[in-house]
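Survey of secondary and tertiary structure
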Amino acid sequence: MDDELDTEILGLIETPEARAKGFVTMGEIVDRLVVQGHEEVEVEQRIWSLLTQRRLTPNGYVRRVMKRRVDDGMIHRRAYEFTLVAWEPELDNQLDLHESDGPGG
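Residues numbered from 1 in each chain as written. Predicted model: local features only at pLDDT ≥ 70, side-chain atom pairs only at ≥ 80, totals over all residues. Heavy atoms only, no water.

Structural notes on the side chain of Thr25
Tracing the sequence through the fold places Thr25 in strand S1 (residues 24-25). Reaching out from Thr25, the side chain makes a polar contact with the side chain of Glu81 at a distance of 3.3 Å. (Helix = DSSP H or I, 4+ residues; strand = E, 2+ residues; numbered from the N terminus. Polar contact = N/O pair within 3.5 Å; in protein donor to acceptor, adjacent residues only side chain to side chain.)

Details of the environment of Arg55
Along the chain, the position of Arg55 falls in the loop between helix H4 (40-52) and strand S2 (56-70). Look at Arg55 and you get partly exposed, because its relative accessible area is 35%. Taking C-alpha positions, Arg55 is 7.5 Å from Glu88, a pair spaced 33 residues apart along the chain. The residues touching Arg55, leaving out its near neighbours within four places in the chain, are Asp6, Leu10, Leu50, Val85, Ala86 and Trp87. (Buried < 20%, exposed > 50% of the residue type's maximum accessible area, 1.4 Å probe, protein only. Contact = heavy atoms within 4.5 Å.)

With respect to the packing of aromatic side chains
This structure, assessed with the given rule, holds 2 aromatic pairs. Pairing Trp48 with Phe82 gives two aromatic rings, centres 6.1 Å apart and planes at 75 degrees, and the pair type is edge-to-face. Here the residue Trp48 occupies a position in helix H4, and Phe82 occupies one in strand S3 (residues 73-86), the gap between them amounting to 34 residues. Looking at Trp48, the relative accessible area reads 42%, which means it is partly exposed. (Phe/Tyr/Trp six-rings, centres within 6.5 Å; stacked < 30°, edge-to-face > 60°.)

What about the pattern of salt bridges?
Across all of its chains, the model carries 5 salt bridges by this definition. A salt bridge links Arg46 to Asp6, with the shortest nitrogen-to-oxygen separation between them at 2.8 Å. Taken together, the residues span a long stretch of sequence, with Arg46 in helix H4 and Asp6 in helix H1 (residues 2-13) at a distance of 40 residues. Across the pair Arg19 and Glu14 runs a salt bridge whose closest N-O atoms are separated by 2.2 Å. Assessed through its relative accessible area of 57%, Arg19 is described here as exposed. (Salt bridge = Lys/Arg side-chain N within 4 Å of Asp/Glu carboxyl O.)

So, H4
Given a rise of 1.5 Å per residue, 13 residues ought to cover 18 Å, and the 19 Å separating the end C-alpha atoms of H4 matches this to within 8%. Its buried side turned inward, H4 meets H1, helix H3 (26-35), S2 and S3. Positive phi appears at Arg54, one or two residues downstream of H4, with a value of about 65 degrees. (Expected span 1.5 Å × (residues − 1).)

Considerations on the nonpolar core
Ranked by internal contacts, the top residues of the largest apolar core, which has 17 residues, are Ile9, Ile29, Leu33, Val43, Ile47, Leu56 and Leu84. Of all the secondary structure elements, the ones that give two or more residues to this core are H1, H3 and H4. With 5 residues, H1 is the single largest residue contributor to this core. For Ile29, the residues in contact, after removing those within four places along its chain, are Ile9, Leu12, Ile13, Val24, Val43, Ile47 and Leu84. (Core = buried A, V, L, I, M, F, W, Y, C linked by side-chain atoms within 4.5 Å.)

A closer look at the sheet that holds S1
Across the sheet, 3 strands lie side by side as S1-S3-S2; this open sheet has antiparallel pairing. With partners counted over all chains shown, the strands left at the sheet margins are S1 and S2, one partner each. Sitting on the sheet, H4 is in contact with S2 and S3, with an inclination near 140 degrees to S2. (Pairing = 2+ DSSP bridges. Axes fitted to C-alpha atoms, helices over the stretch in contact; angles between N-to-C directions.)

So, in structure tokens, the structure goes:
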């Protein structure tokens, strides 16, 4: 079941809409798959697992500001949510993953 769910999650990242935006939020993935009958916690756990396996990577965040009127003004509350993209293993080559021996290498 995990492999099927992983495939569904990664498939949502690869949709034309996601490619056009350049990302999908974690919440969008969870919401879409819960509607399809998956358990919320299971989807969240699979996303975290894909992150640890480096099959997904955060590439930014979405900030939402919720406003609530109170007697003496307005309260603002900010919420931040990861945006995710599929990790391309060949991108590892652009990273310096080896410790340097200091200046000059």
